[in-house]
Amino acid sequence: MGKIRRGNFVFVYWQGDHPPRHVHVYRDGTLIVKWDLENDKAMKGAPTRQILRYISELQREGRL
């Protein structure tokens, strides 16, 4: 399991988790969105523009 903090959000992912590759995004312990990294769409919840920017940054950095 990996955890990355950006702003007020915590991005959680698991190596070897079920497909598609995805990340869970939490704020204050509450799931905000479960994001499909392969298809760039929400699996659960709705992302804010800030969350989408953070996900994009983390992918460019090779952290997701």
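Here the structure is shown first, and the text comes after it.
In what follows, the accompanying structure is described. Not measured: the values here are computed from a predicted model. (Residues numbered from 1 in each chain as written. Predicted model: local features only at pLDDT ≥ 70, side-chain atom pairs only at ≥ 80, totals over all residues. Heavy atoms only, no water.)

## As for the side chain of R6
- Here R6 shows up in strand β1 (residues 2-6).
- Residue classification places R6 among the buried positions, given a relative accessible area of 15%.
- Within the local environment of R6, its side chain forms a polar contact with the side chain of E61, the two groups lying 2.7 Å apart.
- The contact partners of R6, leaving out residues within four places of it in the chain, are F11, Y54, E57, L58, E61 and R63. (Helix = DSSP H or I, 4+ residues; strand = E, 2+ residues; numbered from the N terminus. Buried < 20%, exposed > 50% of the residue type's maximum accessible area, 1.4 Å probe, protein only. Polar contact = N/O pair within 3.5 Å; in protein donor to acceptor, adjacent residues only side chain to side chain. Contact = heavy atoms within 4.5 Å.)

## Description of the sheet that holds β1
- With antiparallel pairing, the five strands of this open sheet are ordered in space as β1-β2-β3-β4-β5. What marks the edges here is a single partner per strand, and that holds for β1 and β5 (41-45). Sheet twist, expressed as the mean angle between neighbouring strand axes with direction ignored, is 25°.
- Pairing geometry for strand β2 (residues 9-13) and strand β3 (residues 22-27), over three bridges, is antiparallel. Bridged to V12 within β3 is H24.
- Relative to β2, helix α1 (residues 49-60) is tilted by about 50°, and along the sheet it contacts β1, β2, β3 and β4 (30-36). (Pairing = 2+ DSSP bridges. Axes fitted to C-alpha atoms, helices over the stretch in contact; angles between N-to-C directions.)

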